[in-house]
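Observations on chain architecture
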Amino acid sequence: MRNLIWAGLAGAMAAAAATPTFNHDIAPILYSNCATCHRPGEVAPFSLLTYQDAAKRAKQIATVTQSRFMPPWKAEPGYGEFQNERRLSDAQIATLKDWAANGAPEGNASEKPTPPTFTDGWQAGQPDKVFKLEQAYSLPADGPDQYRCFVIPMNLDHDAYVKSFEFRPDNRKIVHHAIVFSDPDGNARRLARNGNSYPCFGGPGFAPISMVAGWAPGGSPSVAGPGMSLTVPKGSDLVLQIHYHPSGKAEQDQSSLGMTFGDPPTVGRGMVFINSRAIHIPAGESHYVVKAGITIPQDVEVLGITPHAHYLGKDMKIDAKLPDGTVQHMIWIKDWDFNWQGQYRYKEPVKLPKGTRVEIEYTYDNSVANIRNPSHPPVNVHWGEQTTDEMAVAFLSVKLKSMDDQALFQKQIGLEFINEFLAQADNLNDFPPEISPQARARLSMAISLFDRNHDGKLDDEERKTLMDFLRARLQ
Ligand code: HEC
C-alpha cells in the first residue's frame, strides 16, 4: 500500500516536472522570440506578454510555431547563416505543443520571469539627423494595403557619409515594412508631382536605384562596419517606401529615419544587381521558373542579400557557383511572402572569388491555389512594378578588397549586367532603364558591328566576342 502511494506520488511529481508551465517554460520563449512584435502598440494583432494573453491562444500558438509560420523567418536553415535569425528550436516548439496539450497551466508565480522592456526611442542612440515625412499620412480604416513612396529632401550642401540608418515607424499598428532609397537625380520629386508622395509597389518607380536600408517589424538598425560608411551625394532626396496595412480604424503615420554620419569610407563597396525581365507567366500556371545570374568581376565578400518578387513568387533560391566548381548556397526561401521581405545580413561575410557566377532560380505560382494571387481569376502576368506584375530580382551588397577597386567594379558590374541583358532579352532594342541612354547608343552600334551574320541578334559566340572586347577596354 505504502509502495503504491509512493509510486503514485513519484509519478505525479514526474508528470508535474514534465508538464511545461507558463511561468517556468513558456514565458521565456515568448519573451525572447515573440514579444518584439506581440506587445501593445506593435504590429502583431495581439500581445503575448501575460499568462491570460498566451493561455487563451495556447493551441493556436502550438499550431503556428509547429508550422513555423511564427516567428516569421523565411530563410531555410543550411542556406546561409544570417544575423538576427528568428527561429525556434525543435525543443522549444515541442514545449509549446506540450503546454497547449496539457491545458496551458500557469505554474508557480515565483518562477515567472520579468517581462522584457523595450526602448521606445531610437534603438541605436540619438541620430545626428532625423528625416521625417513632411506631413502625417492618413490611412483609412479598411481597404487594400497601400504602398507609398515619400520624398524627403535631405538638403545636404556636401556629400554625406552615413554610418548608421534607423527607420522608426511612427504608427506601428499600420506600418508593415519600409525600404529606403536615395535619389540623387530628383526622379522621385518628379513622380510626386506637386505633393511629396506617390503610390508605388514593386520599386520606387525609377531606375537606376540605390537601396539604402530596409526595415520590417523586429528589424534592427543597420550600422556600417569600420571604414564602410555609405556615401550619399549632396542634393540627394530620400525616398521612403512604406507598406501600410489598415488596422480597422482610421490611422495616421509620420514615420522617420535617423542617420548618423562619419568619415568617408576607406573600404570599397559595391552592389550586385540580378534581374530578369523575361517573365511571362500564363494564367493558371502553378510552377513557372525564372532563372538569371551574373558573373562577379572581382573578389568580393557578400555582406547581405535581398531577394525580391511580388505575390506570385513562391520558392526563391540563390546559389553561387565558384570558379573551382563548388556551390555556395546564398539563401533559399521556400515560402516567399511579399509582406516579410527585407535584407538578410550574413553573420560572416561570404567570400566569392572573381569569376563566381551567382544564379537566382525563382518559382512562381499563378494558379487559384496561390492564396496570395492578386487576380481572381488568374491572368497572364509579365514583368512590371505593379501589384499585378511580377519581378525576379536580387541585390547583393558586397565589400571589395580596397577603395581603389570601387569605380572599376561599378563599371565591370554594369558590363556584366549588359551581358545578361544581351543573353536573355527578347528584343535587343528594348533596353532596361538601368542601361543609360548614352550607353544605349553605343551598345546599339556595338550590337550591329558584332552581329557578324546580320540576323539582328547576337548569338552566344558573337556576344562573347563583344564582351571580351568591352571587358578588355575597361582594365
Ligand atoms: C517579427 C514580428 C513577429 C514575431 C517575432 C512574432 N510574430 Fe506572431 N504575428 C506577427 C504578425 C504581424 C501577425 C499577423 C499575421 C501576419 O501579418 O502575418 C502575427 C500573427 C500571429 C498569430 C496568429 C496567426 C493567425 O493565424 O492568425 C499567432 C498565434 C502568433 N503570431 C504567434 C506568435 C508566436 C508564438 C511567436 C513567437 C514564437 C510570434 N508570433 C512571433 C508578427 C510577429
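Residues numbered from 1 in each chain as written. Predicted model: local features only at pLDDT ≥ 70, side-chain atom pairs only at ≥ 80, totals over all residues. Heavy atoms only, no water.

For the rest of this paragraph, the subject is the sheet that holds strand β22 (residues 392-399). Strands sit in the order β13-β22-β16-β19 across an open sheet of four strands; the sheet is antiparallel. Where the open sheet ends on each side, the last strands, each with one partner, are β13 (269-276) and β19 (344-352). Each neighbouring strand pair of the sheet contributes to a mean axis angle of 30 degrees, computed without reference to strand direction. Taken strand by strand, helix α7 (residues 406-424) contacts β13, β16 (300-308) and β22, and its axis lies near 5 degrees from that of β13. (Pairing = 2+ DSSP bridges. Helix = DSSP H or I, 4+ residues; strand = E, 2+ residues; numbered from the N terminus. Axes fitted to C-alpha atoms, helices over the stretch in contact; angles between N-to-C directions. Contact = heavy atoms within 4.5 Å.)

What surrounds the ligand is a group of 22 residues, the closest being N33, C34, C37, H38 and M70. Residue H38 places a side-chain N or O atom 2.7 Å away from a nitrogen atom belonging to the ligand. Here the element with the most residues in the shell around the ligand is helix α4 (residues 58-66); it accounts for four residues. Tallied by class, the residues present in the shell around the ligand amount to 15 nonpolar, six polar and one charged. (Near = heavy atom within 4 Å. Polar contact = N/O pair within 3.5 Å; in protein donor to acceptor, adjacent residues only side chain to side chain. Nonpolar A, V, L, I, M, F, W, Y, C, P; charged D, E, K, R; others polar.)

What follows is about the packing of α4 against helix α5 (residues 90-101). Interhelical geometry of α4 versus α5 gives an angle of 155 degrees and a closest axis separation of 8 Å. The orientation of α4 with respect to α5, classified from their angle, is roughly antiparallel. Seen along the crossing, α4 lies across α5 with a hand that is left-handed. Contact with α4, carried on its side by A58, K59, I61, A62, T65 and Q66, involves I93, L96, K97, W99 and A100 of α5 and no other residues of that element. Counted by class, the contact of α4 with α5 contains seven nonpolar, two polar and two charged residues. (Parallel < 35°, antiparallel > 145°, perpendicular 65-115°, else oblique. Left-handed = near helix turned anticlockwise from the far one by under 90°.)

To continue, consider the domain arrangement of the chain. As far as domains go, the chain holds domain 1 (13-111), domain 2 (129-261), domain 3 (267-401) and domain 4 (404-475). Averaged C-alpha coordinates put domain 2 and domain 4 at centres separated by 33 Å. (Domains from an automatic or database assignment.)

The full count for this structure, using the stated rule, is 20 aromatic pairs. Between W73 and Y344 the ring centres are 5.3 Å apart and the planes differ by 70 degrees, which places this aromatic pair in the edge-to-face class. Here Y344 lies in strand β19 and W73 lies in the loop between α4 and α5, a separation of 271 residues in the sequence. Assigned by exposure class, W73 and Y344 land together as buried. Taken together, a centroid distance of 5.3 Å and an interplanar angle of 45 degrees make the contact between F167 and W215 tilted. Separated by 48 residues along the polypeptide, F167 in strand β4 (residues 160-168) and W215 in strand β7 (residues 210-215) bring together distant segments of the chain. Comparing F167 with W215 shows no difference in burial state: the two are buried. (Phe/Tyr/Trp six-rings, centres within 6.5 Å; stacked < 30°, edge-to-face > 60°. Buried < 20%, exposed > 50% of the residue type's maximum accessible area, 1.4 Å probe, protein only.)

This brings us to unusual backbone geometry. Residue M70 is joined to P71 through a cis peptide bond whose omega torsion reads -15 degrees. Counting through the fold element by element, P71 comes out in the loop between α4 and α5. Following H376, the chain continues into P377 via a peptide bond in cis, with omega recorded as -10 degrees. Mapped onto the fold, P377 is located in the loop between β20 (357-364) and β21 (381-382). Positive phi outside glycine occurs at A104, with the angle close to 50 degrees. Residue A104 is classed as buried on the basis of its relative accessible area, which comes to 4%.

The next subject is the coordination of the iron atom of the ligand. Looking at the iron atom of the ligand, one finds its protein donor set to be H38 (NE2) and M70 (SD), positioned 2.0 to 2.3 Å from the metal centre. Coordination at the iron atom of the ligand is octahedral, judged from the six donor atoms that bind it and the angles of 86 to 180 degrees they form at the metal. Within this pair, whereas H38 is found in the loop between α2 (22-33) and α3 (51-55), its partner M70 is found in the loop between α4 and α5, the two being separated by 32 residues in sequence. In this structure M70 comes out as partly exposed when scored by relative accessible area, which is 23%. (Donors = N, O, S within 2.8 Å, 3.2 Å for Na, K, Ca; no water. Tetrahedral: all angles 85-135°; square planar, octahedral: opposite > 155°, others 65-115°.)

Time to look at the pattern of salt bridges. Per the counting criterion, the structure on display carries 15 salt bridges. For E420, the salt bridge is made with R357, and the minimal N-O distance between the two is 3.1 Å. You can see E420 sitting in helix α7 and its partner R357 sitting in strand β20, a full 63 residues away along the chain. Note on E420: relative accessible area 10%, which makes it buried. With relative accessibility at 25%, the residue R357 sits in the partly exposed group. Note that D468 and R471 form a salt bridge whose closest N and O atoms lie 3.5 Å from each other. Of this pair, D468 and R471 both sit in helix α9 (residues 460-474), three residues apart, roughly one helical turn. When salt bridges with common partners are traced through the structure, they connect K74, D335, D337 and R372 into a single cluster. (Salt bridge = Lys/Arg side-chain N within 4 Å of Asp/Glu carboxyl O.)

This part is about the state of the cysteines. Within the structure shown, the criterion is met by one disulfide. The side chain of C149 participates in a disulfide bridge whose partner is C200; the two sulfur atoms lie 2.1 Å from each other. The sign of the 95 degrees torsion about the S-S bond sets the C149-C200 disulfide as right-handed. Note that C149 is positioned in strand β3 (residues 146-153) and C200 in the loop between β6 (197-199) and β7, a separation of 51 residues in sequence. (Disulfide = S-S within 2.5 Å.)

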